[in-house]
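Descriptive analysis of the structure
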Protein chains: 2
Amino acid sequence: MTLSEQQLSLIEEFGIYQENNGFQPAVARVMGLLLVSDRAELTFDEISETLNISKSATSNALNMLLNTGHIEYTTFPGDRKRYFRIKSSNWRDLFGKKMEDLSHLNGLLKRVLEVRKRENPVYDAKLNDFISFLDFVKNRMPSLIDEWEKSKT
Amino acid sequence: MTLSEQQLSLIEEFGIYQENNGFQPAVARVMGLLLVSDRAELTFDEISETLNISKSATSNALNMLLNTGHIEYTTFPGDRKRYFRIKSSNWRDLFGKKMEDLSHLNGLLKRVLEVRKRENPVYDAKLNDFISFLDFVKNRMPSLIDEWEKSKT
DNA sequence: TCATTAGTTCATAATTTACAGAACTAAAAT
DNA sequence: ATTTTAGTTCTGTAAATTATGAACTAATGA
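Since the structure is predicted, the reported quantities are computational estimates derived from the model, not experimental observations. (Residues numbered from 1 in each chain as written. Chains lettered and ligands numbered in written order. Predicted model: local features only at pLDDT ≥ 70, side-chain atom pairs only at ≥ 80, totals over all residues. Heavy atoms only, no water.)

**Topic: the protein's contact with DNA strand D**
Residues in close proximity to DNA strand D total 17 residues, the closest being Lys 55, Ser 59, Arg 80 and Arg 82 of chain A together with Ser 56 of chain B. Among all atoms of DNA strand D positioned within 4 Å of the protein, those belonging to sugar or phosphate total 58%. Within the contact set of DNA strand D, a phosphate oxygen lies 2.5 Å away from a side-chain nitrogen or oxygen of Ser 59 of chain A. Within the side chain of Arg 80 of chain A, one N or O atom sits 2.6 Å away from a base oxygen of DNA strand D. Considering every element that reaches the surface near DNA strand D, the biggest residue donor is helix α4 (residues 55-67) of chain A, with four residues. (Near = heavy atom within 4 Å. Polar contact = N/O pair within 3.5 Å; in protein donor to acceptor, adjacent residues only side chain to side chain. Helix = DSSP H or I, 4+ residues; strand = E, 2+ residues; numbered from the N terminus.)

**Overview of the layout of surface pockets**
Empty space within the largest pocket amounts to approximately 1,300 Å³. Taken together, 35 residues form the lining of the largest pocket, with Asn 20 and Asn 21 of chain A together with Asn 20, Asn 21 and Lys 98 of chain B sitting closest to its centre. Listing elements by their share of the lining of the largest pocket, those giving two or more residues are α1 (5-19) and α5 (90-115) of chain A together with α1 (5-20) and α5 (90-115) of chain B. With eight residues, the single largest contributor to the lining of the largest pocket is α5 of chain A. (1 Å grid on protein atoms, 1.4 Å probe; cavity = no way out; pocket = protein on both sides within 12 Å on 5 of 7 lines; lining within 4 Å. Points joined across faces, edges and corners; volume = space filled by probe spheres on them.)

**So, the relation of the copies chain A and chain B**
Rotating chain A by 180° and moving it 0.0 Å along the rotation axis overlays it on chain B with an RMSD of 0.2 Å. Interpreted geometrically, this transformation is the action of a two-fold axis. Interface overlap between copies: 100% of the residues of chain A at the interface are likewise at the interface in chain B, consistent with a symmetric, same-surface contact. (Least-squares fit on C-alpha atoms with pLDDT ≥ 70 in both. Contact = heavy atoms within 4.5 Å.)

**Examining the protein's contact with DNA strand C**
Around DNA strand C, a shell composed of 17 residues is seen, among which Ser 56 of chain A together with Lys 55, Ser 59, Arg 80 and Arg 82 of chain B lie nearest. If you look at DNA strand C and keep only atoms within 4 Å of the protein, 57% of those are sugar or phosphate atoms. Here a phosphate oxygen of DNA strand C sits 2.8 Å away from a polar atom, N or O, in the side chain of Ser 54 of chain A. Between Asn 63 of chain B and DNA strand C, the recorded distance is 3.5 Å, taken from a side-chain N or O atom to a phosphate oxygen. Mapped by element, the contributors of at least two residues to the surface near DNA strand C are α2 (25-36) and α4 of chain A together with α4 (55-67) and β2 (79-86) of chain B. Broken down by element, the surface near DNA strand C gets its largest block of residues, four residues, from α4 of chain B. Across the surface near DNA strand C, the residue classes break down as five nonpolar, seven polar and five charged. (Nonpolar A, V, L, I, M, F, W, Y, C, P; charged D, E, K, R; others polar.)

In structure tokens:
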């Protein structure tokens, strides 16, 4: 498994991006490798050796990614190794997660308006405005996706 | 400064949400307090005492939030204290950040397609699809915001 | 002039996290 | 039967993060 300079630095950049999304460094690098490698499917040892991470870290990372549905694996007859790859369905899920996150935030903000008693309604109005904006975006999302599906053809 | 049970637990929940967005625990709690407290503006000591965090942690948190533009303060004549509050303009910025983040991701994914040489074009096609979806959402966002502004009146 | 207020800065302590290395297991191969 | 393969699990620990308390500063007040 030999990678170009560009591939190596892209793994790091994507890794940092995913660290900021709450993944452990090693886990984020494994995702990066599976994303940028020339072969879509890699074995345990290839991942461990290419990224220079221990077997335990590799095992931990792969199981974490399997459990969270970010990767999957295939096997081949007469070959005991598993071949790991990124779940391609996961791209849309990833976007869905961002939307869910905004939904979660919006739920919290709605509760904020319920529990606090502000003398000055200006602050409440601004917050209400933002809440309704998030609701609006959420509601329009399905039709937006629809619109995109049609534009593809 | 006395807070209801609901306010206290909402501070923690919002705090955890913001920890996941990369804020330090104490910083996230300060944001939560300023968000849910009945008074919009609180002093250094009120924040420190209500959250039970040391003066140094409070100082650090407030300066961090000031520097990142999340809070601001006012003062009153003959009163040396500063009164801190959440910047309300910040709500829209927060949404903007999420969109920028998706843009960043999309930039990385475009580079992925450039650097990897996949024998099987199926994976490339799926990724390309997602990239074009993110571009589509980004392009439609201004008109979506426009639509919302109009629907408000 | 001395005390108080409203913070800031620094050294350090307490957690937390992230990983390595070694020992282990279960199945397959020789 | 024992060796190899393909991992897993279990400590230990280095490093990073986060917060504390004490000492400090600069301005105001008595």
